[in-house]
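Spelled out from the first residue to the last, the chains are:
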Amino acid sequence: MAAAAEPGARAWLGGGSPRPGSPACSPVLGAGGRARPGPGPGPGPGPGPERAGARAPGSVAGPGHSFRKVTLTKPTFCHLCSDFIWGLAGFLCDVCNFMSHEKCLKLVRIPCTSVAPSLVRVPVAHCFGPRGLHKRKFCAVCRKVLEAPALHCEVCELHLHPDCVPFACSDCRQCHQDGHQDHDTHHHHWREGNLPSGARCEVCRKTCGSSDVLAGVRCEWCGVQAHSVCSAVLAPECGFGRLRSLVLPPACVRLLPGGFSKTQSFRIAEAVEPGEGGDGADGSAAVGPGRETPATPESGKQTLKIFDGDDAVRRSQFRLITVSRLASAEEVLEAALRVHHIPEDPGHLELCPLPPSLKACDTWAGGKAGSAVISEEGRSPGSGEATPEAWVIRALPRAQEVLKIYPGWLKVGVAYVSVRVTPKSTARSVVLEVLPLLGRQAEGPESFQLVEVAMGCRQVQRTALMDEQPLLDRLQDIRQMSVRQPAFAATVVSVSHVYSSQGAVVLDVTCFSEAERLYVLLKDMAVRGRLLTALVLPDLLHAKLPPDSCPLLVFVNPKSGGLKGRDLLCSFRKLLNPHQVFDLTNGGPLPGLHLFSQVPCFRVLVCGGDGTVGWVLGALEETRYRLACPEPSVAILPLGTGNDLGRVLRWGAGYSGEDPLSVLLSVDEADAVLMDRWTILLDAHDTASAENGTADAEPPKIVQMSNYCGIGIDAELSLDFHQAREEEPGKFTSRLHNKGVYVRVGLQKISHSRSLHKQIRLQVERQEVELPSIEGLIFINIPSWGSGADLWGSDSDTRFEKPRMDDGLLEVVGVTGVVHMGQVQGGLRSGIRIAQGSYFRVTLLKATPVQVDGEPWVQAPGHMIISAAGPKVHMLRKAKQKPRRAGTTRDARADAPAPEGDPR
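Quantities reported herein were computed from a predicted structural model and do not represent experimental measurements.

J.: How should I be thinking about the sheet that holds strand S34 (residues 708–712) in this particular structure?
T.: Either a parallel or an antiparallel arrangement is found when strands of a sheet pair, and the pairing is made through backbone hydrogen bonds. With antiparallel pairing, 6 strands are arranged side by side in an open sheet as S39-S38-S37-S34-S41-S42. The open sheet has two edge strands, strand S39 (832–837) and strand S42 (855–859), and neither has a second partner. The average undirected angle you get between the axes of adjacent strands in this sheet is 20 degrees. Summarising the sheet, S34 and strand S41 (residues 848–852) pair through 3 bridges and their orientation is antiparallel. The residue bridging Cys-709 from the neighbouring strand is Val-852, located in S41.

Right, here's the structure in full:
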């Protein structure tokens, strides 16, 4: 269970005793949707200039909104129904800029940004990536059109202005338990606005999106779209839509309770916060409820900096307000609370002037209505004389505070209950008081724990409270840090797994503070000149997986395919559970395979070139004995240059911008096939030195092969290309450019003669094979080489069996030079068929270029032994039939539960 001081601090009360090995902070809060139906705050353009008017009679309509009637001076649309507001009057929320018809006021269910954080049952921090320009998107806080640079969450569809980030609700996709329990259902996660053009409501079938205002809602899991009002008719449970068989259910993922941000899990280069070098020297944000930049105050007005507590002062993060010099203390305080989205009673707060010395000062504002308040200079703040430039919102000390208690289990009819905390209140006494209110009075308090939760847009921190800890002093200390959004920073370590071949160790840490210390220590540590990679991994509760679940483990190489790999990484995190999508440049395949090691059935999608696919298949081979599913099927999204394996398995010559949802649907409908894997033992032996009679030999090494192994001219071209890319990687972002470099390198080698047949010896099945006059020798496992060429050829040959990639045999082919290779790739000739077998021994008489699956190097003289590598691997081949149409709305609609009263 959680408790929160009005309006920000909260704590969760967890029920049940923790299982062995569980984190020290008991798992608490339940997932599965919000406290009440309706999406969080969302984008929408402002109504334009308006004149303040009287408060709306229905100002209480909609959670937390403060509507007032305004006179419109430009065309304006309703943020609920998206229709044009005819006439000159509309109703505007002072805090979040929500504009509405008078007739729509009673239907507003979207919470105001001032109260939205208190309605989130499972707070999850956002993960903002690099800033960019997002065409026709709207800010989720101020509801204005986004200008460049803008921020968006890498995991959900939240879009923000940089200076609105501190006010965003921590309602990212509920993709994990975060230490909580009893998740037998998962509710829709509604996100308001920014719908695709042509979006239609699931209930009324009318257009629910708008390019003029923030309108409509969309479930971030199943993709169902609807009007805000219509969404209340839909069943609250989410079935994950067409991707339900691929999604890793959030109920099966548990994070260590604490303050790790998603950037520490996903390693996303997060944007800098305002006030920390991101938005100018002063860190200021918007003025008033809109985002208009304050001009030089006209005569009779003044602009003030408003800080929300000590934490805002420390970070130099403030908001600006422009008020009349004759404004009363209460009017100034109300303006300060609106700009900081604080819905609290002004009588409980005060404004304290912030002198340059930051010394203690007298107070301004608050108090009783009509009371005379004097500043430290002895002048009335409304007099316009010697008014300080900056002010800090402070909470007045009270004899008691109101605490919100959030149950840590799902099966309860209320989002939270409120209790009063006095100087005598402790964590244990609050638990005893709350249990009867939640229907758990029959259970002993020893089964529950109070957990303090600090909600930040970028970070959610949890701290377990001791039973006898006084709560009132703790709450008042927190409110000195921030009235709106408390911000405070919050040992047992054991080695659970050692992957010696990968050079990796997995640590189980049950204490967040110790985990944080270790992470900071390890992330910048170097061993033998190489930086360590430190990752924060969740626990995967495989026992909670549905019986028919076969989640997809996704590996993306963002360096492949130019910028397409980076875009796919972001897209897959939005479509699937982000904890099942891994960046291969961040620790390689091992973290993902370790996380899925106990999953009884899963599939793998590798997004990258042939070298990336071989990397993942090699890691699968090394960790196979640790996996509950030792033979997962592997699909490919080709991002490289050659992509020969992707061609053979029908995934195409390369990714060209297809809808990521269509890709996932094709993976779900793909057919399983088998493929041989081969082991190459490289045993180099240099000639003995004449001076000391000793041999200087490289240690033997083993590499895995899936596609082909080339010796000679083929590998030499790959090596030259690889070296050119290493020297100028920024130029190799286009597949067409990469092929052009191959052609240029090949033309430079046309006149070279190497007589490879005189420099190597070949044994097949321990029988010596005489080689013809060739410049390159290639061992092929699949019927595609050099970007789709058929090197073996289609002609029948009684000497050899028809090649297959699962027959346990390799084909050996020779090429006579660059011209011959060009003719093969043009379909004019085939290679020279030499042999077919399952065991090969190649003797290199001098240093020779070698490449395996596109990874080249120069191999010293010695032996190469090629043999079958264990069991065959299971690959996924794209089905021939066209997959089901990937329109998000239509697919989601087909699988979503029908609304009540729907004739379907």
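J.: In this structure, what is going on with helix H4 (residues 427–434)? I would like to understand it.
T.: Given 3.6 residues per helical turn, the α-helix brings residues three or four places apart onto the same face. Along H4, the residues that are buried comprise Ala-427, Val-430, Val-431 and Val-434. Buried positions in H4, seen along its axis, are confined to an arc of 100 degrees and lie on one side of it.

J.: Sorry, what's going on with the pairing of S41 here?
T.: Sheet faces and side chains relate simply in a regular strand, where the side chains alternate between the two faces. Burial runs high along S41: 5 of the 5 residues are buried. Of the pairings in the sheet, the one linking S41 to S42 comprises 5 bridges and is antiparallel in character. What sits directly across from Val-852, in S42, is Glu-855. The hairpin formed by S41 and S42 contains 2 residues between the paired strands, and Asp-853 there has a positive phi angle of roughly 55 degrees.

J.: Can you walk me through the nonpolar core in this structure?
T.: Most often, soluble globular proteins keep nonpolar side chains buried together rather than apart. Leu-243, Val-554, Phe-572, Leu-576, Leu-605, Leu-664 and Met-875 are the most contacted members of the largest nonpolar core, which has 75 residues in total. Those residues within four positions of Leu-664 in sequence are excluded, and the remaining contacts are Leu-243, Leu-246, Leu-552, Phe-572, Leu-575, Leu-576 and Leu-605. One finds Ile-711, Ile-774, Leu-777 and Val-842 within the second-largest nonpolar core, a separate group that totals 27 residues.

J.: Would you explain the packing of aromatic side chains in this entry?
T.: Given two aromatic rings, their pairing is described by the distance between the two centres and the angle made by the two planes. The final tally for this structure, using the stated rule, is 9 aromatic pairs. Relative to Phe-98, the ring of Phe-67 lies with its centre 6.1 Å away and its plane at 75 degrees, an arrangement referred to as edge-to-face. Here Phe-98 lies in the loop between strand S5 (89–93) and strand S6 (99–100) and Phe-67 lies in strand S4 (residues 67–72), a separation of 31 residues in the sequence. Each member of the pair, Phe-67 together with Phe-98, is buried. Taking the centre distance of 5.3 Å and the plane angle of 70 degrees together, the rings of Phe-779 and Phe-840 count as edge-to-face. Of the two residues, Phe-779 is situated in strand S37 (residues 776–780) and Phe-840 in strand S40 (residues 839–844); the sequence distance between them amounts to 61 residues. The two residues Phe-779 and Phe-840 agree in class, both being buried. Through pairs of rings, three or more aromatic residues link up here, namely Phe-77, Phe-84 and Trp-86. Positioned above the aromatic ring of Trp-221 is the side chain of Arg-173, whose terminal nitrogen or guanidinium carbon lies 3.9 Å from the ring centre. A cation sits over an aromatic face here: Lys-701 above Trp-857, 4.9 Å from the ring centre.

Quick notes on the rules
Residues numbered from 1 in each chain as written. Predicted model: local features only at pLDDT ≥ 70, side-chain atom pairs only at ≥ 80, totals over all residues. Heavy atoms only, no water. Pairing = 2+ DSSP bridges. Helix = DSSP H or I, 4+ residues; strand = E, 2+ residues; numbered from the N terminus. Axes fitted to C-alpha atoms, helices over the stretch in contact; angles between N-to-C directions. Buried < 20%, exposed > 50% of the residue type's maximum accessible area, 1.4 Å probe, protein only. Arc of directions from axis to C-beta. Core = buried A, V, L, I, M, F, W, Y, C linked by side-chain atoms within 4.5 Å. Contact = heavy atoms within 4.5 Å. Phe/Tyr/Trp six-rings, centres within 6.5 Å; stacked < 30°, edge-to-face > 60°. Lys NZ or Arg CZ within 6 Å of the ring centre and 35° of its normal.

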